[in-house]
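If you want the building blocks of each chain, they are given just below.
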Amino acid sequence: MPTTPENCRINYIELNVRDIEKAKAFYGKAFGWTFTDYGPQYAEFSDGAMKGGLTSMEPPSPAGGPLVILYADKLEAAQASVLAAGGTISREIFPFPGGRRFHFKDTDSYELAVWSSQ
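Structure report, in brief.

What counts, and where the lines are drawn
Residues numbered from 1 in each chain as written. Predicted model: local features only at pLDDT ≥ 70, side-chain atom pairs only at ≥ 80, totals over all residues. Heavy atoms only, no water. Phe/Tyr/Trp six-rings, centres within 6.5 Å; stacked < 30°, edge-to-face > 60°. Helix = DSSP H or I, 4+ residues; strand = E, 2+ residues; numbered from the N terminus. Buried < 20%, exposed > 50% of the residue type's maximum accessible area, 1.4 Å probe, protein only. Lys NZ or Arg CZ within 6 Å of the ring centre and 35° of its normal. Core = buried A, V, L, I, M, F, W, Y, C linked by side-chain atoms within 4.5 Å. Contact = heavy atoms within 4.5 Å. Pairing = 2+ DSSP bridges. Axes fitted to C-alpha atoms, helices over the stretch in contact; angles between N-to-C directions. Polar contact = N/O pair within 3.5 Å; in protein donor to acceptor, adjacent residues only side chain to side chain.

### Examining the packing of aromatic side chains
Then comes step 1: Inspection of the entire model under this criterion finds 9 aromatic pairs.
Then comes step 2: Considering the side-chain rings of Phe96 and Trp115, the 6.1 Å spacing of their centres and the 65 degrees angle between planes classify their relative orientation as edge-to-face. In this pair, Phe96 is assigned in strand S6 (residues 88–96) and Trp115 in strand S8 (residues 111–116), connecting sequence segments 19 residues apart.
Then comes step 3: Residue Phe96 is classed as partly exposed on the basis of its relative accessible area, which comes to 28%.
Then comes step 4: Residue classification places Trp115 among the buried residues on the basis of a relative accessible area of 19%.
Then comes step 5: Taken together, the ring pairs in this structure connect Phe26, Tyr27, Phe31, Trp33 and Phe45 into an aromatic cluster.
Then comes step 6: We note Arg91 situated over the ring of Phe94; from NZ or CZ to the ring centre the distance is 3.8 Å.
Then comes step 7: One Lys or Arg, Arg101, reaches over the ring of Phe96 and ends 5.7 Å from the middle of that ring.

### With respect to the nonpolar core
Then comes step 1: Counting 9 residues, the largest nonpolar core consists of Leu70, Ala72, Leu75, Ala78, Val82, Phe102, Phe104, Leu112 and Val114.
Then comes step 2: Of all the secondary-structure elements, those providing two or more residues to this core are helix H2 (75–84), strand S7 (99–105) and S8.
Then comes step 3: Ranked by the residues each element gives to this core, the list is headed by H2, at 3 residues.
Then comes step 4: With residues near it in sequence (within four places) discarded, Leu75 still touches Ile93, Arg100, Arg101, Phe102, Val114, Trp115 and Ser116.
Then comes step 5: Residues Leu15, Ala23, Ala43 and Leu54 belong to the second largest nonpolar core, which totals 8 residues.

### As for the sheet that holds strand S2 (residues 34–37)
Then comes step 1: Taken in spatial order, the 8 strands make up an open sheet running S2-S3-S4-S1-S5-S8-S7-S6, and their pairing is mixed. Bordering the open sheet on either side are S2 and S6, each of which pairs with just one other strand. Direction aside, the axes of adjacent strands within the sheet are offset by 25 degrees on average.

### Details of the environment of His103
Then comes step 1: Tracing the backbone through its elements, the reader meets His103 in strand S7.
Then comes step 2: A C-alpha to C-alpha distance of 6.1 Å links His103 and Ile89, two positions 14 residues apart in sequence.
Then comes step 3: In terms of polar contacts, His103 uses its side chain to reach the side chain of Arg101, at 3.1 Å.

### Focus: the environment of Met50
Then comes step 1: By secondary structure assignment, the location of Met50 is in the loop between strand S3 (42–46) and strand S4 (51–55).
Then comes step 2: Met50 gets classed as partly exposed once you look at its relative accessible area, which sits at 29%.
Then comes step 3: A sequence separation of 14 residues divides Met50 from Thr36, and the C-alpha atoms of the two residues are 14 Å apart.
Then comes step 4: Discounting chain neighbours no more than four positions away, the residues touching Met50 are Ile10, Asn11, Tyr12, Ile13 and Phe45.

Rendered as structure tokens:
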């Protein structure tokens, strides 16, 4: 089965925020982003070119910064590749609206995630 052009590319970012409504108001006013709500703790944003999420499910990182999320056609194969390359799994595969994903840390302890619609 051939892979899609999105396979193993950065596809999405998430910002952990304290207050979803306050974050939506800020990014909407500052940059004109639009939002789709997926419950009280999650809103997807669109900047017109890329989509991402605002979530209050985890606390904001003291150092700041988004969670970079890659897309994979085959989630389990991507997880195996992360492990084979020396990464560690920080959150096992879990379902969410729209698909499944896992989180990992690279060899410098940067946390990223990989998701799939499968």
